[in-house]
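An overview of the molecular structure
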Amino acid sequence: MAVVFAQGTLTVTGQPLNTETVTIGGKVYTFQTVLTNVDGNIFIGATAAASLQNLKDAVNLTGTPGTQYAAAMTANTGVVANTITATTLQFVARIAGLVSNLIASTETLTNGSFGGGLLTGGLGDLFTDIRALIAVNQINGAVVQALIDLTDPEGNE
């Protein structure tokens, strides 16, 4: 079976307001009119498109830290921010497979929303998902063996 990464899209109809949040991949991003240097803080740009760009750069740790987002920003280990338009920002799970459909996508935006509360479209078998988790150091060998024992007690991996 092909392995597919889950995705989700944030759509905005206007500017994020001060202290509104987007939570994706287990990380909370807080929009601010005056940027403070706390992990997760995003500067509200001159336009909604600029604010989305700041969010994208914060998620991917690109752009200009300390200007677009807090210099203290840490990586999002669950998703990457992908395709952007003036009103949308697509997020893609870092891990492929069915497990990627469990990544929450929520917000407190007055002028925006996700299509749903979870990323969608992830496909793939459990063994592929386990290998993907190992590859990005999300689980250790003991957890891997326990998962294999639970899902394949005959050792037919």
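Taking 1.5 Å as the rise per residue, helix α1 (residues 48–60) with 13 residues should run 18 Å; its terminal C-alpha atoms sit 18 Å apart, in good agreement. Every buried residue of α1 is accounted for by A48, S51, L52, N54, L55, K56, D57, A58 and V59. Where α1 is buried, its residues meet β1 (7–12), β2 (21–24), β3 (27–32), β4 (41–43), β5 (79–84) and β6 (88–93). Just past α1, the residue L61 takes up positive phi, approximately 55°.

According to the stated counting rule, one finds one salt bridge in the structure shown. Between K27 and D39 there is a salt bridge, with its nearest N and O atoms 2.7 Å apart. On the criterion of sequence distance, the pair formed by K27 in strand β3 and D39 in the loop between β3 and β4 is long-range, its members being twelve residues apart.

With respect to the element layout, L10 can be found in strand β1. For L10, a relative accessible area of 0% corresponds to the buried category. Separated by 97 residues in the primary sequence, L10 and E107 have C-alpha atoms spaced 8.9 Å apart. Residues within four places of L10 in sequence aside, it is in contact with V22, L52, L55, T87, T88, L89, F91, E107, L109, S113 and F114.

Rules used in this analysis
Each residue is numbered by its place in its chain's sequence as written, counting from 1. Predicted model: local features are reported for residues with pLDDT of at least 70 only, side-chain atom pairs are reported and counted for 80 or more only, and whole-chain, interface and lining totals are derived from all residues. Side-chain measures here rest on the full set of heavy atoms in the structure, leaving out hydrogens and waters. Helix and strand definitions follow DSSP, with helices as H or I runs of at least four residues and strands as E runs of at least two, each counted in order from the N terminus. How far a helix is expected to stretch is found by multiplying one less than its residue total by 1.5 Å. Three labels apply to residues, based on accessible area from a 1.4 Å probe with only protein chains included: buried if under 20% of the type maximum, exposed if over 50%, partly exposed otherwise in between. Contact between two residues is taken to exist if any of their heavy atoms lie within 4.5 Å; hydrogens are not considered. For salt bridges, the criterion is a side-chain nitrogen of Lys or Arg within 4 Å of an Asp or Glu carboxyl oxygen.

Purely geometric numbers; function is a separate question.
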